[in-house]
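Structural overview for review
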Amino acid sequence: KAGVTQTPRYLIKTRGQQVTLSCSPISGHRSVSWYQQTPGQGLQFLFEYFSETQRNKGNFPGRFSGRQFSNSRSEMNVSTLELGDSALYLCASSLAVQPTGELFFGEGSRLTVL
Amino acid sequence: LAKTTQPISMDSYEGQEVNITCSHNNIATNDYITWYQQFPSQGPRFIIQGYKTKVTNEVASLFIPADRKSSTLSLPRVSLSDTAVYYCLVGDMGNAGNMLTFGGGTRLMVKP
């Protein structure tokens, strides 16, 4: 069974540009969540999607957005990039239909903003 | 939203048992406690999950007291490869709209 796939793995952008990151969840998983990880702030929740609907959003500015498609694949977009957006962006999928269960994480997309 | 508190770092030696405690005073009735392990530049990986009392699997044990306000991850006989960051996570995986929050994590360093 294929794991969570994130693309691209590495990318470099300059301030003011925008970026789109992609996440393909494990087959059958309908929940996809995104996290930002930086050395200073740790793992911070961005948002979670379930059946194409955003169920919750973390405390991030509106420059951070996402969406989920009917096949459960998800994308997140960051517009008007700032230096502080440099981070490892992690996507996780889960069944999310029962109280128990685990998050399956991808290897992340490492974004560097110059 | 259940907030967790863990030690920032711990040191141990190969072959020792390591216990990492997580405090979660405002845990909700439907919340489960889950621990994840993360190596540098990789996504976190599930270790163990429990609701109350004790849970054991092939890699770890999880001890949860009756009041569920804390939990302890126990790693038996650690090796160098157990050097990683360990996160305690509290939440209801199936609750629509639940925002799962990772705490700061505990950086475990296993020395030879």
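See the structure printed just above.
Attention here is on the structure that accompanies the text. Bear in mind the structure is a predicted one, so any value in this text is a computation, not a measurement.

Turning our attention to the nonpolar core. Trp34, Leu46, Phe64, Met76 and Tyr89 of chain A are the most contacted members of the largest nonpolar core, which has 21 residues in total. Leu75, Val78, Cys88 and Val110 of chain B belong to the second-largest nonpolar core, a separate cluster that totals 20 residues.

Turning to the pattern of salt bridges, a few remarks are in order. Residue and element names in this part refer to chain A. Scanning the model with the defined rule gives seven salt bridges over all chains in all. In this structure, Glu75 and Arg73 form a salt bridge, with 3.3 Å as the shortest nitrogen-oxygen distance. Using a relative accessible area of 16% as the deciding quantity, one classes Glu75 as buried. Several salt bridges share partner residues, and in doing so they unite Arg63, Glu82 and Asp85 into one network.

Quick look at the state of the cysteines now. Overall, the coordinates contain two disulfides over all chains when judged by the stated rule. There is a disulfide in this structure between Cys23 of chain A and Cys91 of chain A, and the S-S distance comes to 1.7 Å. One quick way to see it: the torsion about the S-S bond of Cys23 of chain A and Cys91 of chain A is about -55 degrees, and its sign makes the bridge left-handed. Remark: Cys91 of chain A occurs in strand S9 (residues 87-94) and Cys23 of chain A occurs in strand S3 (residues 19-24); sequence separation between them is 68 residues. Judged by its relative accessible area of 0%, Cys23 of chain A falls in the buried class. In this model Cys22 of chain B forms its disulfide with Cys88 of chain B; the gap between the sulfur atoms is 2.2 Å. The sign of the -80 degrees torsion about the S-S bond sets the Cys22 of chain B-Cys88 of chain B disulfide as left-handed. On the criterion of sequence distance, the pair formed by Cys22 of chain B in strand S2 (residues 18-23) and Cys88 of chain B in strand S8 (residues 84-91) is long-range, its members being 66 residues apart. Take Cys22 of chain B and Cys88 of chain B: they sit in the same class, and that class is buried.

Considered as a void within the structure, the largest pocket measures approximately 570 Å³ in volume. Taken together, 29 residues make up the lining of the largest pocket; nearest its centre are Gln37 of chain A together with Gln38, Val85, Tyr87 and Arg107 of chain B. At the level of elements, strand S4 (31-38), S9 and strand S11 (109-113) of chain A together with S8 and strand S10 (106-111) of chain B are the ones that each hand at least two residues to the lining of the largest pocket. Element by element, the count of residues in the lining of the largest pocket is highest for S10 of chain B, at four residues.

What follows deals with empty space enclosed by the protein. Going through the model one piece at a time under the given rule, you end up with two cavities of 30 Å³ or more. Each pocket or cavity is described by its volume, and for the second largest cavity that value is around 30 Å³. For the second largest cavity, the full set of lining residues is Arg9, Tyr10, Leu88, Glu107, Gly108 and Arg110 of chain A together with Ser41 of chain B. Along the lines of polarity and charge, the residues of the lining of the second largest cavity split into two nonpolar, two polar and three charged.

Each value, and the rule that gives it
Residues numbered from 1 in each chain as written. Chains lettered and ligands numbered in written order. Predicted model: local features only at pLDDT ≥ 70, side-chain atom pairs only at ≥ 80, totals over all residues. Heavy atoms only, no water. Core = buried A, V, L, I, M, F, W, Y, C linked by side-chain atoms within 4.5 Å. Buried < 20%, exposed > 50% of the residue type's maximum accessible area, 1.4 Å probe, protein only. Salt bridge = Lys/Arg side-chain N within 4 Å of Asp/Glu carboxyl O. Disulfide = S-S within 2.5 Å. Helix = DSSP H or I, 4+ residues; strand = E, 2+ residues; numbered from the N terminus. 1 Å grid on protein atoms, 1.4 Å probe; cavity = no way out; pocket = protein on both sides within 12 Å on 5 of 7 lines; lining within 4 Å. Points joined across faces, edges and corners; volume = space filled by probe spheres on them. Nonpolar A, V, L, I, M, F, W, Y, C, P; charged D, E, K, R; others polar.

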